[in-house]
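Architecture and fold: a report
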There are 2 protein chains.
Amino acid sequence: MSSDTSNTRNRILKSVLEQLQASQEKGVRMADIAKRAGISRQALYLHFSTRAELLIETTYYVDRLKGSDKRLAPSRAAETGIERLNAFIEAWGNYIPDIYHVAKALLAMGDTDDAANQAWSKRMSDMKEGCAAAINALDADKVLSSDYAPDQATDVLWTMLSVRNWEHLIIECGWPQEDYVQMLKTIAHKIFVKKQTA
Amino acid sequence: MSSDTSNTRNRILKSVLEQLQASQEKGVRMADIAKRAGISRQALYLHFSTRAELLIETTYYVDRLKGSDKRLAPSRAAETGIERLNAFIEAWGNYIPDIYHVAKALLAMGDTDDAANQAWSKRMSDMKEGCAAAINALDADKVLSSDYAPDQATDVLWTMLSVRNWEHLIIECGWPQEDYVQMLKTIAHKIFVKKQTA
DNA sequence: GGTATCGCTTGACATAGTGTCAAGTAGCAA
DNA sequence: TTGCTACTTGACACTATGTCAAGCGATACC
């Protein structure tokens, strides 16, 4: 199992997550992680060559732990564009809390570290494809508002669903997670779905 | 004048701005700023006690330089809620490009530095009042969508107008500034303004 | 029983950046 | 001449990442 802590590598990854959650707002140092994993600071580098690599691997660890690959199934199975949009918002919106702490650390590094920056960009670029698929599904159903080109709409949805916006509403404004998901569905509908001309 | 560079302090502040704009994406060091201002690194500390203070003072310098205090006049003078919302989005949206580089540096520091964090939070909290005023103006005109309480709507508008979202659309997606402002007006209208029940 | 290897420890060190301190200096003014 | 202001220079403390070399204990193999 990926959470098997007899394996030092996994114990380290687990410690990263714990430490990130424990030390809210403060930066997590290699020394902190080592201490929590019960090894020396230098030993971390026997498993991960840099702090950036450690954080990147932690994102994969979270995905394994939470079975993130299964989340998009409902979205892909949706029969209408609107269903697909809602399912995608729900899937991604409920994934953010799992990835948030590592994401934040990675984003903070991204300003100065190329590897961290690229790893996160890759993730966001994958997510953007989900946005594009949802928008295209709306378009195929002829319910995408004619106010935007699909590319523009994709950019807007992609922006709306950013981790920073989740952080802003949840952490800064103190919204409950369910309200966040509900609100995003509501406003996405208002923004993207063409008004009934019945 | 605030841009008088015979004054060393102003020369430093100007150098911060220039350096931030010049070194896109890379972190700006005290040494870089000193070099650009033509003084020693240590001399910076004769004018600003920390890097955070220097960046914070730079935000005020930008405001003085750009006359930011005048930007909100059209919004305050608006006669209807919808006008007020549009004027506020335009004012803030066109202010972001001026403040962006310093904001980014300050936000990056905010993760580890209390002073930087508080200074930026203060700014955002002031901006939130503008959001609240716009939403309340809509409400007073009975055109605020009944889907949200004013507080919720304020949080959403506040989130939409974040510097991070501007960064995402302008820097990441490559949108022109005018498209950004136009799009924000469009989606704010769709989200917040009650549909005509005529 | 010896020995080789693996996984880790320990201490020392390089590097980069912020911030501090003390001594010195150039220019200007009374 | 004296003294002040604004700056310079060099040295240093501190924090954090990352590297290196030597050593050590357990396990596995012959």
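Since this is a predicted model, take the numbers as computed values, not measurements.

Calculation rules
Residues numbered from 1 in each chain as written. Chains lettered and ligands numbered in written order. Predicted model: local features only at pLDDT ≥ 70, side-chain atom pairs only at ≥ 80, totals over all residues. Heavy atoms only, no water. Domains from an automatic or database assignment. Contact = heavy atoms within 4.5 Å. Buried area = accessible area lost by both parts, 1.4 Å probe. Salt bridge = Lys/Arg side-chain N within 4 Å of Asp/Glu carboxyl O. Polar contact = N/O pair within 3.5 Å; in protein donor to acceptor, adjacent residues only side chain to side chain. Nonpolar A, V, L, I, M, F, W, Y, C, P; charged D, E, K, R; others polar. Near = heavy atom within 4 Å. Helix = DSSP H or I, 4+ residues; strand = E, 2+ residues; numbered from the N terminus. Least-squares fit on C-alpha atoms with pLDDT ≥ 70 in both. Axes fitted to C-alpha atoms, helices over the stretch in contact; angles between N-to-C directions. Parallel < 35°, antiparallel > 145°, perpendicular 65-115°, else oblique. Left-handed = near helix turned anticlockwise from the far one by under 90°.

Bringing the domain arrangement of chain A into the picture now. All names here are of chain A. Assigned domains within chain A: domain 1 (8-48) and domain 2 (69-192). Contacts between the two partners involve 5 residues from domain 1 and, on the opposite side, 4 residues from domain 2. Between domain 1 and domain 2 the total buried area reaches about 400 Å² when both faces are included, carbon and sulfur atoms providing 62% of it. Contact with domain 2 buries surface across domain 1, with Leu20, Gln21 and Glu25 losing the most and accounting together for 72% of the total. On inspection of domain 1 and its partner domain 2, the count reaches 0 salt bridges. Where domain 1 meets domain 2, there are 0 residue pairs in polar contact (both at pLDDT 80 or more). Residues belonging to the side of domain 1 that touches domain 2 are distributed by class as follows: 2 nonpolar, 2 polar and 1 charged.

Each partner contributes to the interface: chain B provides 28 residues, whereas chain A provides 27 residues. Summed over both partners, the interface of chain B with chain A buries about 2700 Å², with 58% contributed by carbon and sulfur atoms. Among the residues chain B hides against chain A, the three largest losses belong to B:Asp111, B:Thr159 and B:Lys190. Together they make up 20% of the total. The interface formed by chain B and chain A includes 4 salt bridges. Counting the contacts that link chain B with chain A gives 9 residue pairs in polar contact (both at pLDDT 80 or more). Residue composition of the side of chain B that touches chain A, by class: 10 nonpolar, 7 polar and 11 charged.

Neighbouring DNA strand C are 16 residues, the closest being A:Thr8, A:Ser40, A:His47, B:Arg29 and B:Arg51. Taken together, the sugar and phosphate atoms account for 53% of what DNA strand C places within 4 Å of the protein. For DNA strand C, a phosphate oxygen lies 2.7 Å from a polar atom in the side chain of B:Arg29. Taken together, the elements giving at least two residues each to the surface near DNA strand C come down to helix H3 (41-44) of chain A together with helix H3 (41-47) of chain B. The element contributing the most residues to the surface near DNA strand C is H3(B), with 3 residues. The residue inventory of the surface near DNA strand C, partitioned by class, reads 5 nonpolar, 8 polar and 3 charged.

Here the focus is the relation of the copies chain B and chain A. The two copies are related by a screw motion: chain B maps onto chain A through a turn of 180° and a shift of 0.0 Å along the axis, at an RMSD of 0.0 Å. On this basis, the relationship between the two copies can be described by a two-fold rotation axis. When each C-alpha of chain B is compared by its distance to the rotation axis, B:Lys190 comes out closest, at 3.0 Å. Counting the interface residues of chain B, we find that 96% of their copies in chain A are interface residues as well, pointing to one common contact surface.

In this section: the packing of helix H8 (residues 150-160) of chain B against helix H10 (residues 177-192) of chain B. Between two packed helices, the angle of one axis relative to the other and the distance separating the axes together describe the packing. All names here are of chain B. Running from amino to carboxyl end, H8 crosses H10 at an angle of 165°, the nearest separation of the two axes being 12 Å. Regarding the angle of H8 to H10, the classification is roughly antiparallel. For H8 against H10, the interelement crossing comes out right-handed. Only Leu184, Ile187, Ala188, Ile191 and Phe192 of H10 make contact with H8, whose side of the interface consists of Ala153, Val156, Leu157 and Met160.

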